[in-house]
Amino acid sequence: MEHGSNFEYLTGFLPRFEEGILVLHQDGKARLLLGNENTKMVKHSRIPAGLIHVPFFSLPNQPMEEDKPVDQYFREAGIARGQNIGVAGWKMFTSQVEDNSCLLDIPAYMDRAVRKIAGDNCIKNSSHLFVGDGGVRTTNNANEIAHYEFGAALAGDCISDALEYIRPGITEMELGEWLNRAGQRNSVVTIASTGERFENANLYPGAKTVNTGDRISLTAGYKGGLSSRAGYAVETEEQLPEPSKDYVEKLAGPYFAAVIQWLETIHIGMAGGELYEQIQEVLPREEYGWQLNPGHLTADEEWMSSPVYKDSKEVLRSGMILQIDIIPQRDGYGGAGCESGIALADKTLRKQIEREYPELYQVFLERRRYITDVLHINISEEVLPMSDIVAYYRPYFLNHSLAFVKRSK
């Protein structure tokens, strides 16, 4: 279950291959509606909750003894006509033409059952309470940052190792061995791609071998953050494909300038729209073809939501974990990518991390020193790099001694 993190935030577990519903009343009473293989999890829930066993939520052809109409389970959970009901699946809609509060992202059979009880006008999408502006999951305390740093750092280590061992003749699957670690659940599809991506609509590492001059994409993600790098399997400019000899000048260099701008600009209290405009100024969207938000929030899922969009008034706050996610495109060139994450922490939160997780705090300081002293990127004291490879980018993947740094003035 890739998008069950709002449920997991309150209960501590994912229903995985089954559906699961938490019904939470204003007075604090809670009911967990679970399928056959998750009933055992009730006693482990973070919040106390009663169990309602719903066989409909189980896998196909599993036992359905003594099942009832679907709406009856919701009645048992305390849903009644006249109540105001907020539905928080995982997706917060931000359409310019639809009434976003009326768009629900739950299975139709659940939606129909709830409407049968409560009526059509009492049900609203409430995912924004978790992931929208001011949502409870958009900021993190010291404990949460410590846990999320584990996954973000692990993803960075995976990418670092893959970059170390990449060579002509290695297969995508062999590269993929370096991109999955410690038995952790990935937050995104692992990418180890050489040459043309998505051949035969394939998303996964295959048997293709790396050849000198190939375009390369590497991605690993876990709870807390993703790291991704895109470049070429070359040591020098001369090994680049003929139409792409000026890859660094035309794409990778301007892209890294945008990464520098992102890191040197971001701070607590700025509006997301201001960060958007900073990237637009350095790397114009019209010329460099990036389509998505140049930065987004991350947590259990790789992309939770984003305060960074055109004209955004959403304020960046202490405790946010954000990824540098700028994806440029130019015809005739492979991709350029240096995606990793940072946390924003005010003085109070930094002191809390230093007090409760002193070893982690020293790791943050070491990463900051590398970025400022070696890469010469001037970051705010509020920026805590979530992995060892934040801003480390060598676009020639086979050259282990050539990486971008900010030019000294």
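Figured I'd write up the structure that's included with this text. (Residues numbered from 1 in each chain as written. Predicted model: local features only at pLDDT ≥ 70, side-chain atom pairs only at ≥ 80, totals over all residues. Heavy atoms only, no water.)

**Here we look at the overall build of the protein**
Then, number 1: A count of helical and extended segments in the protein gives 11 helices and 13 strands.
Then, number 2: Relative to its length of 409 residues, the protein is compact, with a C-alpha radius of gyration of 23 Å against a globular reference of 22 Å.
Then, number 3: Taking the principal axes of the C-alpha coordinates as reference, the protein spans close to 70 × 50 × 45 Å.
Then, number 4: The buried share of the protein, reckoned over its 409 residues, is 50%.
Then, number 5: A separation of at least 24 residues holds for 63% of the contacts in the protein among residues at least 6 apart in sequence.
Then, number 6: Summing over all exposed atoms, the protein offers an accessible surface of approximately 19400 Å²; the carbon and sulfur share of this is 50%. (Helix = DSSP H or I, 4+ residues; strand = E, 2+ residues; numbered from the N terminus. Rg over C-alpha atoms; globule rule 2.2 N^0.38 Å. Buried < 20%, exposed > 50% of the residue type's maximum accessible area, 1.4 Å probe, protein only. Contact = heavy atoms within 4.5 Å. Areas by Shrake-Rupley, 256 points an atom, 1.4 Å probe, with all protein chains shown as cover.)

**Focus on the sheet that holds strand β7 (residues 215–222)**
Then, number 1: Pairing is antiparallel in the open sheet, where 4 strands are placed in the order β6-β7-β8-β11. The open sheet has two edge strands, β6 (191–194) and β11 (337–339), and neither has a second partner. For this sheet, the mean inter-axis angle between neighbouring strands, taken without regard to orientation, is 5 degrees.
Then, number 2: Strand direction decides the pairing type here: strand β8 (residues 225–232) and β11, joined by 3 bridges, are antiparallel. Paired with R229 across the strands is C338, a residue of β11.
Then, number 3: Across the face of the sheet, helix α5 (residues 142–165) comes into contact with β7 and β8 while running at roughly 155 degrees to β7. (Pairing = 2+ DSSP bridges. Axes fitted to C-alpha atoms, helices over the stretch in contact; angles between N-to-C directions.)

**What about the nonpolar core?**
Then, number 1: Grouped together as the largest cluster of nonpolar side chains are 62 residues, with contacts concentrated most on Y247, W262, L263 and I266.
Then, number 2: Sorting elements by how many residues they give to this core places helix α7 (residues 247–265) first, with 10 residues.
Then, number 3: Beyond its immediate stretch of four places on either side in the chain, L263 contacts I324, I342, I377, I379, V390 and A391. (Core = buried A, V, L, I, M, F, W, Y, C linked by side-chain atoms within 4.5 Å.)

**Section: the environment of P107**
Then, number 1: Tracing the backbone shows P107 in the loop between β4 (85–87) and α3 (108–118).
Then, number 2: C-alpha of P107 to C-alpha of K250: the two residues are 143 residues apart in sequence and 46 Å apart in space.

**Some remarks on helix α10 (residues 347–356)**
Then, number 1: Three or more residues of α10 are buried, namely L349, R350 and I353. In a view along the axis of α10, the buried residues occupy a sector of 100 degrees, so they form one face of it. Across α10 from its buried face, at more than 90 degrees, point the exposed residues K347, T348 and R355.
Then, number 2: On its buried side, α10 packs onto α5, β12 (341–344), α11 (358–374) and β13 (383–385). (Arc of directions from axis to C-beta.)

**Considerations on the sheet that holds strand β3 (residues 50–53)**
Then, number 1: The mixed open sheet is built from 3 strands, whose spatial order is β1-β2-β3. Each edge of the open sheet is held by one strand with a lone partner, namely β1 (20–24) and β3. In this sheet, adjacent strand axes meet at a mean angle of 20 degrees when their direction is disregarded.
Then, number 2: Note that β1 and strand β2 (residues 30–34) share 5 bridges and pair antiparallel. Directly across from G20, in β2, lies its bridge partner L34.

**With respect to the packing of aromatic side chains**
Then, number 1: Under the definition given, this model contains 11 aromatic pairs.
Then, number 2: Measuring from ring centre to ring centre gives 5.4 Å for F7 and F13, while their planes differ by 90 degrees; the resulting arrangement is edge-to-face.
Then, number 3: The class of F13 is buried, set by a relative accessible area of 6%.
Then, number 4: Summarising the aromatic geometry, the rings of Y393 and F404 are spaced 5.7 Å apart at their centres and angled 35 degrees between planes, so their arrangement reads as tilted. Of this pair, Y393 sits in the segment after β13 while F404 sits in the segment after β13, and the two are 11 residues apart along the sequence. In this pair, the class of Y393 matches that of F404, namely buried.
Then, number 5: Ring pairs connect the aromatic residues Y255, F256, Y393 and F404, which therefore count as one cluster.
Then, number 6: In this structure, R285 packs its charged tip against the face of W290, placed 5.9 Å from the ring centre.
Then, number 7: The cationic tip of R330 hangs over the ring face of Y288; the distance from NZ or CZ to the ring centre is 5.0 Å. (Phe/Tyr/Trp six-rings, centres within 6.5 Å; stacked < 30°, edge-to-face > 60°. Lys NZ or Arg CZ within 6 Å of the ring centre and 35° of its normal.)

**Description of unusual backbone geometry**
Then, number 1: Not every positive phi belongs to a glycine, and E66 is a case in point at roughly 60 degrees.
Then, number 2: Its location among the elements puts E66 in the loop between β3 and α2 (70–76).
Then, number 3: Residue classification places E66 among the exposed residues on the basis of a relative accessible area of 74%.

**Observations concerning the pattern of salt bridges**
Then, number 1: Within this structure, the stated rule accounts for 19 salt bridges.
Then, number 2: Between E301 and R137 there is a salt bridge; the shortest N-O distance is 2.5 Å. Of the two residues, E301 is situated in the loop between β9 (296–297) and β10 (321–323) and R137 in the loop between α4 (128–131) and α5; the sequence distance between them amounts to 164 residues. R137 matches E301 in its accessibility class, with the two residues each being buried.
Then, number 3: The partner of D388 in a salt bridge is R367, with the nearest N and O atoms 2.8 Å apart. Taken together, the residues D388 in the segment after β13 and R367 in helix α11 connect sequence positions 21 residues apart. (Salt bridge = Lys/Arg side-chain N within 4 Å of Asp/Glu carboxyl O.)

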